[in-house]
Every structure is written in C-alpha cells, then in structure tokens.
Amino acid sequence: MRKFLLIYRAPQFSPNSVEKDKLILEAVGSRLKEQGNNVRFVQEECFREEDEADVYLSMGRLPETLAILKHKAAVGRATVNSGEGVERTARMVLDRLMRANHIPAAPLFDEQRVADGYWLKRGDAAAQSREDVLFAKDIKEVNRLMKSFHQRKIQDVLITEHVKGDLVKFYGVQGTGFFRFFYPTDDGDTKFDDEKRNGIARHYAFHIDDLRAEAERLSVLTDVVIYGGDCIVREDGSFVIIDFNDWPSFSRCREEAAEAIAKRIDN
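Remarks on the sheet that holds strand β5 (residues 118-122)
Sheet strands associate in pairs through backbone hydrogen bonding, adopting either a parallel or an antiparallel arrangement. One open sheet accounts for three strands, arranged β6-β5-β7; its pairing is antiparallel. Sheet topology places β6 (133-136) and β7 (157-161) at the edges, where each strand pairs with a single neighbour. For this sheet, the mean angle separating the axes of adjacent strands, direction not counted, is 20°. Across the sheet, helix α4 (residues 91-100) is in contact with β5, β6 and β7; its angle to β7 comes to roughly 50°.

Printed below as a string of structure tokens:
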C-alpha cells in the first residue's frame, strides 16, 4: 500500500475556480483510495517538509510548495506535477520554451506592425486576478496598461498580438491518450469572460491530432504531466497555443480526467 499526499491549490491561484479545483483533486483521491492506497489531503498553506509520502500529487503553486516538491523529488519521491514543471509554466519562461522548440505561439508585440489588439499577461506567475491578463486595443493603451502592471510591482509582462479565430480549451494527461477540447462560448463556462473577445465560436475545421501532438510535446518539455491550455484556431485551420498550465480543474470532463490521472499515477 502506497502513501499518497494530495495538495490542494491555495485560493489565490484559483480565481473563480476554488471549488472546481478541489473537486478534481478529490475525485482523483477517491479513485486512489479504491485501489487500496493510503490517501491524505493537505491545504497548500499547511504543506511542510516533514509531510512524508511515497507520491505527492500537487496542485500547489506557492514558491514554498515548489521548493519542498523539488526536494522530495531529489530524494526519490514521485511528484506530480513536479516543482520544476510548475515553474516552467510562468508565462515568460513558457513563452521562451515554446518559441525555442517551434511550438505555435501568438506573434510577439512589435511597435512597427499594426495588429488587431494586444494581450498583456503577467509574466512571472500564473494569473491570480482579472488584472493579470489585460487586452489593449492599440499601442497607446499598451503603454498605459504597462504602467498599471508596474504599479503593482509586476515587472515581467508578456505582450502578444491578438489572434482572430476560435478560442479552444484543451485538457490532457501525458502518456495516457486522454485529450479533450471544448469551445467555451458553446457552454458559457468562463473564468474572466476574456473568451468573449474572440466572439462566438465558428468551429473552424482543424487537425485535432496536430494540437494533441503539440500539447503533449509541451507537456514533456515542461514536465507538466497533468495539463490544460488555450489555443486559437484560425479560419484556415492553423492554430497558436496562447496558454498552458499545470493541473486545470477539468470541470467539463472531470470524471474522465480523474480516471486518466489515477491510471497514470498508478503506472
């Protein structure tokens, strides 16, 4: 019988999604218990070095949490997602990784090129509030919004061009074959309503196997086994990945995802 410690995500990292994040972690824990494992849960803020387990399943993002996870991995414990993996999902780090490995990404801000608007995204960590991801209609507004980030002591800001097309959310569990995608405007399930910037989905045809392959490749590059993200599918079927994050809530496919995660962990 193996000992599992499941670590909840601190509320500040689950804007408008605290309950959803809790439910997926508990669904995975329930399945691990059914397999005869010893399963314990802990709030991220209460996670300590002395908490012993064979396997750590963490939704945590606090620097202290990631430091402990990295130490646990160094002494031979299994950690999913890993501390290093979560650190690689910080937007600036992730963007450099994607471009270095030719994973389709939105064009970077260029003052010499006119675009259909721009996105400013906190670069040092995952979004914690609506103010961490902002849309600017022109360069003048980009400069104004940059000041608002700096006033909040956020110096690293990723600025990319707005890409027209269908916004698609995807979810996956590395190495299991589990991969799902959804159009947020089909069901109205949204976090900050930013999805509406692209309008109602037209359901442009695209090759889902290509998106799955790029998402899995990014999962391996970051070492984020349990992942989710957003992409924009253009009218011609090409796409760019605009977000990739560790352990989403899987709210649209929770039970299927929990089965896949438990299976992946058990293996």
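Back to the write-up after that little detour.
What to know about helix α5 (residues 139-151)
Between its first and last C-alpha atoms α5 spans 19 Å; for 13 residues at 1.5 Å apiece the expected length is 18 Å, and the two agree. Along α5, the residues that are buried comprise Glu141, Val142, Leu145, Met146 and Phe149. Looking down the long axis of α5, one finds its buried residues gathered within 145° of arc, a one-sided arrangement. Away from its buried face by more than 90 degrees, α5 exposes Lys140, Arg144, Lys147 and Gln151. Taken together, the buried residues of α5 touch β5, β6 and β7. One side-chain oxygen of the residue at the start of α5 lies 3.3 Å from the amide nitrogen of lysine 140, identifying that residue as aspartate 138.

Remarks on the packing of α4 against helix α7 (residues 208-222)
In the contact formed by α4 and α7, the axes pass within 11 Å of each other and the chain directions differ by 120°. Our classification of the angle between α4 and α7 gives oblique. For the crossing formed where α4 meets α7, the hand is right-handed. Between α4, through Leu94, Leu97 and Met98, and α7, the contact on the second element is made entirely by Leu218, Leu221 and Thr222. By residue class, the composition of the contact of α4 with α7 is five nonpolar, one polar and no charged.

Things to note about the side chain of serine 58
Within the element layout of this structure, serine 58 appears in strand β3 (residues 55-58). For serine 58, the side chain forms a polar contact with the main-chain nitrogen of glycine 60, separated by 2.9 Å. Sequence-distant contacts of serine 58, that is, excluding residues within four places in its chain, are made with Ile7, Thr65, Leu69, Val80, Asn81 and Trp247.

Some thoughts on the sheet that holds strand β2 (residues 38-42)
Taken together, the four strands give an open sheet; going across it, the order is β2-β1-β3-β4, and neighbouring strands pair in parallel fashion. Because the sheet does not close on itself, it has two edges, and the strands there are β2 and β4 (78-80). Sheet twist, expressed as the average angle between the axes of neighbouring strands with direction ignored, equals 15°. Both β3 and β4 contribute to a ladder of three bridges, which runs parallel. Across the sheet, leucine 57 pairs through a bridge with valine 80, a residue of β4.

Comments concerning the packing of aromatic side chains
Considering all chains together, one arrives at 12 aromatic pairs under this definition. Taking 5.6 Å as the distance between ring centres and 40° as the angle between the ring planes, the aromatic pair formed by tyrosine 171 and phenylalanine 250 counts as tilted. Pair noted here: tyrosine 171 is in strand β8 (residues 166-173) and phenylalanine 250 is in the loop between β11 (239-246) and α8 (254-266), with a separation of 79 residues, a long-range link. Across this residue pair, the class does not change: tyrosine 171 and phenylalanine 250 are buried. Centroid distance tyrosine 227 to phenylalanine 244: 5.3 Å. Interplanar angle 25°. Geometry classified as stacked. Taken together, the residues tyrosine 227 in strand β10 (residues 226-233) and phenylalanine 244 in strand β11 connect sequence positions 17 residues apart. Of the two residues examined, tyrosine 227 and phenylalanine 244, each falls in the buried class. Joined through ring pairs, the aromatic side chains of Phe170, Phe179, Tyr227 and Phe244 make up one cluster.

Quick notes on the nonpolar core
The biggest cluster of nonpolar side chains holds 27 residues, and the ones touching the most others in it are Ile24, Leu57, Trp247, Phe250 and Ile261. Broken down by secondary-structure element, the contributors of at least two residues to this core are β1 (3-7), α1 (18-34), β3, β8 and α8. By residue number, the principal contributor to this core is α8, which donates six residues. For isoleucine 261, the contacting residues outside a window of four places in its chain are Ile24, Val28, Val173, Ile226, Trp247 and Phe250. Counting 21 residues, the second-largest nonpolar core is a separate cluster that includes Phe179, Leu218, Tyr227 and Phe244.

A look at the pairing of β5
A large share of β5 lies buried, amounting to five of its five residues. Judged by which residues are buried, β5 turns out to be covered on both faces: Tyr118, Leu120 and Arg122 on one side and Trp119 and Lys121 on the other are all buried. Inspection of the sheet shows β5 paired to β6 by four bridges, in the antiparallel sense. Across the sheet, lysine 121 pairs through a bridge with valine 133, a residue of β6. Note that β5 and β7 share five bridges and pair antiparallel. Note on β7: the bridge partner recorded for tyrosine 118 is glutamate 161.

Rules used throughout
Residues numbered from 1 in each chain as written. Predicted model: local features only at pLDDT ≥ 70, side-chain atom pairs only at ≥ 80, totals over all residues. Heavy atoms only, no water. Pairing = 2+ DSSP bridges. Helix = DSSP H or I, 4+ residues; strand = E, 2+ residues; numbered from the N terminus. Axes fitted to C-alpha atoms, helices over the stretch in contact; angles between N-to-C directions. Contact = heavy atoms within 4.5 Å. Expected span 1.5 Å × (residues − 1). Buried < 20%, exposed > 50% of the residue type's maximum accessible area, 1.4 Å probe, protein only. Arc of directions from axis to C-beta. Polar contact = N/O pair within 3.5 Å; in protein donor to acceptor, adjacent residues only side chain to side chain. Parallel < 35°, antiparallel > 145°, perpendicular 65-115°, else oblique. Left-handed = near helix turned anticlockwise from the far one by under 90°. Nonpolar A, V, L, I, M, F, W, Y, C, P; charged D, E, K, R; others polar. Phe/Tyr/Trp six-rings, centres within 6.5 Å; stacked < 30°, edge-to-face > 60°. Core = buried A, V, L, I, M, F, W, Y, C linked by side-chain atoms within 4.5 Å.

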